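Residue strings, one per chain:
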Amino acid sequence: MLNFIDTVGEAVAGIKDGSTVMIGGFGNAGQPFELIDALMDCGARELTVVNNNAGQGDQGLALLIKEGRVKKMICSFPRQSDSWHFDAKYKAGEIELELVPQGNLAERIRAAGAGIGGFFTPTGYGTMLAEGKETRIIDGRGQVFETPIHADVALIKALKADGKGNLVYRKTARNFGPIMAAAAKHTIAQVSEIVPVGGLDPENVVTPGIYVNSIVKVA
Amino acid sequence: MSAQTSSETGSIQTSGTPLGRDDLARLVAKDIKPGSFVNLGIGQPTLVSNYLEPEQDITLHTENGMLGMGPEAKGDEIDEDLINAGKIPVTELPGASYFHHADSFAIMRGGHLDICVLGAFQVSATGDLANWHTGAPDAIPAVGGAMDLATGAKDVFVMMTLLTRDGASKLVEACTYPLTGVGCVTRVYTDKAVFLTGPDGVQVRETFGCTLEELQALVPVPLTAAPAVER
């Protein structure tokens, strides 16, 4: 069921300790900063977070990590010039890391949303990231079996929602939003604008409202 | 294909001096076939975009969800929703398209990209690539899209200096750093030579500031002159 919610705080209030939370965004583009701040305020702990990175600077996901609220990161690129909070926790052995090639991360998320139990891919074959995984030779190429990544909640950012929860995005801020919306049991989207039913051209809808549970407008 | 004999090596094109980073980028740009779809990796490969000519009609892909990426954004052009894989603000060209991350990597992994250009720590004689992790025990590993690019594009070009700061060859018999991909590299552009890698071993297309014999003295894998058709 779709709910339009007034504040980001109410939107994330149901997130429980131990949840797996997908957070959209690549760099700052598409990152739902206000929802992440609300997740910080709501106090949920022992989180597994799925994001391309592991927080940057002193904001958003980086602060959740700093405060010890994240038990495990599933991401492709944790180490950056300004990922000092993750770096410190990792070196102290206080956070678990599942490092996933970016295309596998995206496809594993997509697989979860599409009800696919796993897939074989050449990405990572013969590397240390394939150690311990099932492999096969398919069409003459070595391939690695990868499993879906499901989540309890997805926090994403879109440009506009209509009254049915259909979403459109803006430029490269789309990134992980559509696949995370499909992969999570409960998807919360922060948007810049809400338009009435019929206010989005159906030909241009990127995320159909069936994948979206909560919408909150953020100025 | 028979191995080239050393008597043929004199016919390799040799220019007077080693290539600088920009000269190398210009050379890679010139070698990209018109109409290609290309992904340029973060760092040195990004320089290649400075030397692509409009007549080449090259479409650049960025893995965070765009085809038709334009040059870096300046001043008023900067838009936080429009960045490249290095998180640098960029511009869009007419005919650009946006798509989500799984579609973007399907473009790569599905073999639709003609070329990707990557940096490297090491490349092996059979085209294995090591470019994501030094393997140092205290290093925080970060792979990003490197493994997908290495295995997905039809051709993988590497740009790197031939030697480390300590003078060791980065073109090696077998990589000692953790692998990014197996047998994926097809060409290696370095300051001293252009190498073609594959199951037949390493062939040299051209050298810069050294002869093939001098190059062979630096590199621990057998080198042969590439057939004229490859040059």
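Procedures and definitions
- Residues numbered from 1 in each chain as written.
- Chains lettered and ligands numbered in written order.
- Predicted model: local features only at pLDDT ≥ 70, side-chain atom pairs only at ≥ 80, totals over all residues.
- Helix = DSSP H or I, 4+ residues; strand = E, 2+ residues; numbered from the N terminus.
- Rg over C-alpha atoms; globule rule 2.2 N^0.38 Å.
- Buried ≥ 20, exposed ≤ 12 C-beta atoms within 10 Å, placed from the backbone.
- Contact = placed C-beta atoms within 7 Å.
- Pairing = 2+ DSSP bridges.
- Expected span 1.5 Å × (residues − 1).
- Core = buried A, V, L, I, M, F, W, Y, C linked by C-beta atoms within 7 Å.
- Axes fitted to C-alpha atoms, helices over the stretch in contact; angles between N-to-C directions.
- pLDDT = per-residue confidence, 0-100.
- Parallel < 35°, antiparallel > 145°, perpendicular 65-115°, else oblique.
- Left-handed = near helix turned anticlockwise from the far one by under 90°.
- Nonpolar A, V, L, I, M, F, W, Y, C, P; charged D, E, K, R; others polar.

Topic: the overall build of chain B
- Within chain B one finds four helices and 14 strands.
- Over its C-alpha trace chain B gives a radius of gyration of 18 Å, about what one expects of a compact globule, namely 17 Å for 231 residues.
- Taken over the C-alpha atoms alone, chain B extends approximately 55 × 45 × 30 Å along its principal axes.
- Scored against the burial criterion, the 231 residues of chain B give a buried share of 45%.
- In chain B, the proportion of contacts linking residues at least 24 apart, taken out of those at least 6 apart, comes to 64%.

Things to note about the overall build of chain A
- Along its length, chain A carries six helices and twelve strands.
- Computed over its C-alpha atoms, the radius of gyration of chain A comes to 17 Å, within 12% of the 17 Å expected for a compact globule of 219 residues.
- C-alpha extents for chain A along the principal axes are approximately 50 × 45 × 30 Å.
- Counting every position in chain A, which comprises 219 residues, the buried fraction comes to 54%.

Observations concerning the pairing of strand β9 (residues 155–159) of chain B
Residue and element names in this part refer to chain B.
- A large share of β9 lies buried, amounting to four of its five residues.
- As judged from the four bridges shared by strand β6 (residues 115–118) and β9, these two strands associate in the parallel manner. Within β9, the residue paired with Ile 115 across the bridge is Asp 155.
- In this structure, β9 lies alongside strand β11 (residues 187–189), joined through three bridges in parallel fashion. Across the sheet, the residue bridging to Met 159 is Tyr 189, located in β11.

Examining the interface of chain B and chain A
- At the interface, 30 residues of chain B touch 36 residues of chain A.
- For the side of chain B that touches chain A, the element with the highest residue contribution is helix α2 (residues 101–109) of chain B, accounting for five residues.

Describing helix α5 (residues 102–114) of chain A
- Over its 13 residues, α5(A) runs 18 Å from end to end, which matches the ideal 18 Å to within 8%, given 1.5 Å per residue.
- Counted residue by residue, α5(A) has twelve buried out of 13 residues, so it is predominantly covered.
- Residues of α5(A) that are buried include every one of A:Gln102, A:Gly103, A:Asn104, A:Leu105, A:Ala106, A:Glu107, A:Arg108, A:Ile109, A:Arg110, A:Ala111, A:Ala112 and A:Gly113, and no others.
- Buried-residue contacts for α5(A) involve β6 (119–121), β8 (141–146) and α6 (177–183) of chain A together with α2 and α3 (146–152) of chain B.
- Positioned one or two residues after α5(A), A:Gly115 has a phi angle of 75 degrees, which is positive.

Thoughts on the sheet that holds strand β10 (residues 171–172) of chain B
Residue and element names in this part refer to chain B.
- One open sheet accounts for three strands, arranged β8-β7-β10; its pairing is mixed. A strand with exactly one partner marks an edge of an open sheet, and here the two such strands are β8 (129–130) and β10.
- Bridge count between strand β7 (residues 122–124) and β8: two bridges; the pairing is antiparallel. For Gln 122, the partnering residue across the bridge sits in β8 and is Ala 130.

Quick look at the nonpolar core
- Judged by nonpolar contacts, the single largest core of 134 residues is most densely connected at A:Ala154, A:Ala183 and B:Val158.
- The biggest single contributor to this core is strand β9 (residues 151–162) of chain A, with seven residues.
- Those residues in contact with B:Val158, other than ones at most four positions away along the chain, are B:Leu118, B:Ala120, B:Val123, B:Leu129, B:Val185, B:Val188 and B:Tyr189.

Remarks on the sheet that holds strand β7 (residues 135–138) of chain A
Residues and elements named next belong to chain A.
- Spatially, β6-β8-β7 is the arrangement adopted by the three strands of the open sheet, whose pairing is antiparallel. In this open sheet, the two edge strands, each paired with only one partner strand, are β6 and β7. In this sheet, neighbouring strand axes are inclined to one another by 40 degrees on average, regardless of whether the strands run parallel or antiparallel.
- Summarising the sheet, β6 and β8 pair through three bridges and their orientation is antiparallel.

Here we look at the confidence of the model for chain B
Residue and element names in this part refer to chain B.
- Of the residues in chain B, 94% have a pLDDT of 70 or more, and the chain-wide mean is 92.
- Scored below 50 in pLDDT, residues 1–9 shows eight contacts in the model against residues more than four places distant or in partner chains.
- For this predicted complex, the interface confidence comes out at an ipTM of 0.96, alongside a pTM of 0.95.

Brief notes about the packing of α5(A) against α2(B)
- Contact pair α5(A) / α2(B): the axes reach a minimum separation of 9 Å and the direction vectors enclose 125 degrees. Accordingly, the angle class assigned to the pair α5(A) and α2(B) is oblique. As α5(A) packs across α2(B), the resulting crossing turns out to be left-handed. Note on element contacts: α2(B) touches α5(A) through B:His101, B:Ala102, B:Phe105, B:Met108 and B:Arg109, opposite A:Gln102, A:Gly103, A:Ala106, A:Glu107 and A:Arg110.
- Across the contact of α5(A) with α2(B), the residue classes break down as four nonpolar, three polar and three charged.

Details of the environment of B:Glu72
Residues and elements named next belong to chain B.
- Along the chain, Glu 72 falls in strand β4 (residues 66–72).
- Linking Glu 72 and Ala 106, residues 34 residues apart in sequence, is a C-alpha distance of 25 Å.
- With near-sequence residues (within four places) excluded, Glu 72 lies in contact with Ile 88, Pro 89 and Val 90.

Topic: unusual backbone geometry
Residues and elements named next belong to chain A.
- In the Ramachandran plot, Glu 46 falls in the positive-phi region, its phi being about 55 degrees despite a non-glycine side chain.
- As for its placement among the helices and strands, Glu 46 is situated in the loop between α2 (33–42) and β3 (47–50).
- The backbone of Lys 171 shows a phi angle near 50 degrees, a positive value even though the residue is not glycine.
- With respect to the secondary-structure elements, Lys 171 resides in the loop between β10 (167–168) and α6.

Thoughts on α2(B)
- Taking burial as the measure, the nine residues of α2(B) include seven buried ones, the bulk of the element.
- Contact partners of the buried residues in α2(B): α5, β6 and α6 of chain A together with β2 (37–40), β3 (59–62) and α3 of chain B.
- Just downstream of α2(B) lies B:Gly111, where phi reads positive at about 80 degrees.

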